[in-house]
Amino acid sequence: MLGKISLSGIKARWKDYLVLFSGMIITTAIFYMFEAISTNDQFTTNSPVGESAKFVFIFGSVLLAIITLVYVFYANNFLMSMRKHDYGLFMMLGAKSRVISRLIATETVVIGLISTIIGLIVGVGFTKILSRFLASQIHMPLTHFSAFYMPAMWTTVIMFLVLFIIAGFLNARTFVKTSALRLLRSSQQSDWKQPKAVSLWVQAVLGILLLAGGYYAMYDIKQLKLMAVAIGLVTIVLGTYLVFNSFFVMLLQVIQRSKMNTKGLNSFTLAQLKFRIRDYTKILSVVSLLFALALGAITVGTGFQNMVPKLAQGNGYYSVGITNPSSKMNALVDQIKDKSTITYQQKIDPQTKSVYYRIDQLQKQPIKYSEFVDKATLKAKISTAQVAQYRHDDSGAYQELWGLQAPDAKAFKIKVVSANSFNRITAKTNQLLMVRANNMDAATTTLTKITNLQAKQYGTKNNQLVGGSFATYQLLKGVFGSLEFMGIFLGIAFLAMLASCLMFKILSGAASDKIRFDMLNKIGARRSVLKRSIWVQILGLFTLPGILGIIDVAFGLQMFSRSGLLIGGAYQTFAITTGGFLILYLIYFAVTVLIYSRIVVPKTKVEK
């Protein structure tokens, strides 16, 4: 009977439970997405930096587990806040606390299992769609990666099952030790307790010192090596919480004592924030860490994506060199939109061990070559070759032309002769077509087809023997492609998680906030004023973690810059990715304001 009454209570609050389920499903899906990579040893170690990547993922898993732990217990508190009044009423009507405790523990575990199962299904779907999309965008095959990965499944199930069993046990204990009257009045109790000024300042100073220690560890990664990640994980997590737990409270107190408190509904807005101060400091810490992880991961991923073509084209001006192109190859070359081409006649004489070119062709259409001026910033200089340079095999022009030849021609020395001398050489005349794709990323599919045809033509399985900057591009994709994919993939995953954490936290209190907004409406507050109060309240909750998150990334990128892992500098895409990230972040802010306003802002009599 009690179970039926409990079920009817759930049906009556199905909108609130939908918020809870949605948040838990997304959290489970994102945790699985991360584990699908971090537990896949073959994928994460499939590069020269694979072991380092694996180490980073171990600490990433620990950090994500901590964040998930906080989110699950926040979701559990949300569940308890909805049920405390109902179960307190049951106890007032004579239900035993043991029965109530067993009922709420079962409810907690069942809700957890259902959301976990659905979350896994959603996670597999998200992983499959996102991985395919990113693979097509970064132009690389995903070797050893699978959207459905059983070890990740088991890790996710065990993780969430343990968390919900612990949560169920804690819920049961809460009901045993809490009186019925206190349960009935739980939704009217504030989290605010007047803190001591000394305690706030101690937390603030300690938080700043911990953050500074974490930032320095990232900067000194050459000396600390992988320990820098471990130190940063502990100090930045603790420092972030202490900073929010102190500065957020102090900020509210300063505003409350200023003249701003008397303007409009500012006093009401501050009271709203102070009402759930403990939950907000926890969730802002989590969101700040997720913001830094998401922005950092996307910045690093796009940094690798930006680095590969620049590094490849800095090592060679022309993408491919095609000897005696077939009609099929010419058709593929025509498909490359933004390109430049040059064709030379060539003769190979095995007796003299030389490859001959016509001087008039080289003068009429001089070859171009690129050389790095500053490899630290990937700045390359493009030069036009002079005929005299072909006399020296160490010159940039000679090396460019030599590298674009067929493998059998590379064994011989390049010689430049007049048209008459060229015609007198008794050897087959070859055509050497050199193609430069100005946008190598966009032309990857076509260039891959060309190099595959060339490999068959030359009788080799190794595309690296084909030559040209695209061969370097393919080699670098094999080295850095997995890191490029992982960075962008996980950045998107963390972005979704931080948005769900903050959005669902704010929306979870909308039902109880609606009563307060109704009261303000009854005493004559205008809808525009109510909406402005909501806008200010939610903007503050979005802005604070965003600022600290950007600071975390600005210092955290030193780890990649100082280690030299990102050639050309870790900050090359920081401004662009931060701008794009903030646009997505503002979209989540706008959606949250819109949904929250529709729930809590009452309609006027005219609009009814």
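Residues numbered from 1 in each chain as written. Predicted model: local features only at pLDDT ≥ 70, side-chain atom pairs only at ≥ 80, totals over all residues. Heavy atoms only, no water.

Visitor: Explain the overall build of the chain to me, please; I cannot follow it from the model alone.
Guide: When helices and strands are tallied, the chain shows 22 helices and seven strands. Evaluated residue by residue, the chain yields a buried proportion of 51% over its 608 residues. Contacts in the chain between residues at least 24 apart in sequence constitute 82% of all its contacts with a sequence separation of at least 6. Only carbon and sulfur atoms are counted for the fraction: they give 63% of the accessible area of the chain, which is about 28,800 Å². (Helix = DSSP H or I, 4+ residues; strand = E, 2+ residues; numbered from the N terminus. Buried < 20%, exposed > 50% of the residue type's maximum accessible area, 1.4 Å probe, protein only. Contact = heavy atoms within 4.5 Å. Areas by Shrake-Rupley, 256 points an atom, 1.4 Å probe, with all protein chains shown as cover.)

Visitor: Help me out: how do you make sense of helix α17 (residues 444-458) in this one?
Guide: For an α-helix the count is 3.6 residues per turn, leaving residues at separations of three or four pointing the same way. Between its first and last C-alpha, α17 extends 21 Å over 15 residues, near the 21 Å set by a 1.5 Å rise per residue. Listed as buried for α17 are Thr444, Thr446, Leu447, Ile450, Thr451, Gln454 and Ala455. After α17 finishes, the residue Gly459 shows a positive phi value of roughly 70 degrees. (Expected span 1.5 Å × (residues − 1).)

Visitor: How should the packing of aromatic side chains be read in this particular structure?
Guide: Given two aromatic rings, one states the distance between the centres and the angle between the planes to describe the pair. Summed over the entire model, instances satisfying the criterion amount to 10 aromatic pairs. Summarising the aromatic geometry, the rings of Phe31 and Phe160 are spaced 5.7 Å apart at their centres and angled 85 degrees between planes, so their arrangement reads as edge-to-face. With Phe31 in helix α2 (residues 14-38) and Phe160 in helix α6 (residues 150-177), the pair connects residues that are 129 residues apart, well separated along the chain. Across this residue pair, the class does not change: Phe31 and Phe160 are buried. Pairing Tyr215 with Phe555 gives two aromatic rings, centres 4.4 Å apart and planes at 5 degrees, and the pair type is stacked. In this pair, Tyr215 sits in helix α8 (residues 197-219) while Phe555 sits in helix α20 (residues 527-556), placing the two residues 340 residues apart along the sequence. Take Tyr215: its relative accessible area is 10%, and that puts it in the buried class. (Phe/Tyr/Trp six-rings, centres within 6.5 Å; stacked < 30°, edge-to-face > 60°.)

Visitor: What's the story with unusual backbone geometry in this structure? I'm lost.
Guide: With the exception of glycine, most residues fall at negative phi, and the peptide bonds are largely trans. Not every positive phi belongs to a glycine, and Asn324 is a case in point at roughly 50 degrees. Checked against the element boundaries, Asn324 lands in the loop between β1 (320-323) and α13 (327-335). One non-glycine residue with positive phi stands out, namely Lys353, at about 55 degrees. For Lys353, a relative accessible area of 56% puts it in the exposed group.

Visitor: Sorry, what's going on with the sheet that holds strand β7 (residues 429-437) here?
Guide: The strand order across the open sheet formed by five strands is β1-β7-β2-β3-β6, and the pairing between neighbours is mixed. The two strands at the open ends of the sheet, each matched to only one other strand, are β1 and β6 (413-417). With strand direction ignored, the average angle separating the axes of adjacent strands in the sheet is 35 degrees. For strand β2 (residues 339-349) and β7, the ladder comprises nine bridges, and the chain directions are antiparallel. Across the sheet, the residue bridging to Ser340 is Arg436, located in β7. (Pairing = 2+ DSSP bridges. Axes fitted to C-alpha atoms, helices over the stretch in contact; angles between N-to-C directions.)

Visitor: I would appreciate a short explanation of the nonpolar core in the present structure.
Guide: Looking at soluble globular proteins, one finds that nonpolar side chains tend to be buried together. One finds Leu447, Leu498 and Tyr596 to be the most contacted residues of the largest nonpolar core, which totals 109 residues. Element by element, the count of residues in this core is highest for helix α18 (residues 469-508), at 20 residues. For Leu498, the residues in contact, after removing those within four places along its chain, are Val287, Leu290, Phe291, Ala294, Phe581 and Tyr585. Judged by nonpolar contacts, the second largest core, of 21 residues, contains Tyr317, Leu362, Ala397 and Ile414. (Core = buried A, V, L, I, M, F, W, Y, C linked by side-chain atoms within 4.5 Å.)

Visitor: What is the right way to read the packing of α8 against helix α10 (residues 227-257) from this model?
Guide: Each packed pair of helices is defined by two parameters, the angle between the axes and the distance between the axes. At their nearest, the axes of α8 and α10 sit 7 Å apart, and the two run at 150 degrees to each other. Judged by the inter-axis angle, α8 sits roughly antiparallel to α10. Relative to α10, α8 is oriented so that their crossing is left-handed. Among the residues making up the contact of α8 with α10, the classes are represented as 19 nonpolar, 11 polar and no charged. (Parallel < 35°, antiparallel > 145°, perpendicular 65-115°, else oblique. Left-handed = near helix turned anticlockwise from the far one by under 90°. Nonpolar A, V, L, I, M, F, W, Y, C, P; charged D, E, K, R; others polar.)

Visitor: Help me out: how do you make sense of the packing of α10 against α20 in this one?
Guide: One can describe the packing of α10 onto α20 by two numbers: an axis separation of 12 Å at closest approach and a directional angle of 140 degrees. In terms of their interaxial angle, α10 and α20 are classed as oblique. The two elements α10 and α20 meet at a crossing, and its hand is right-handed. When α10 is examined against α20, the residues Ile236, Thr240, Phe244, Phe248 and Leu251 are found in contact with a partner set consisting of Leu541, Leu544, Pro545, Leu548 and Asp552.

Visitor: Would you take a moment to explain the pattern of salt bridges for this structure?
Guide: Oppositely charged side chains are able to pair whenever their charged atoms sit close together. Counted according to the given criterion, the structure contains one salt bridge. For Asp360, the salt bridge goes to Arg358, with nearest N and O atoms at 2.7 Å. Assessed through its relative accessible area of 18%, Arg358 is described here as buried. (Salt bridge = Lys/Arg side-chain N within 4 Å of Asp/Glu carboxyl O.)

Visitor: Where do I start with the side chain of Thr299 in this structure?
Guide: The topology assignment puts Thr299 in helix α12 (residues 277-315). Dropping the residues within four chain positions of it, Thr299 is found in contact with Leu557, Ala570, Thr573, Phe574 and Thr577.

That is the geometry; function is a separate question.
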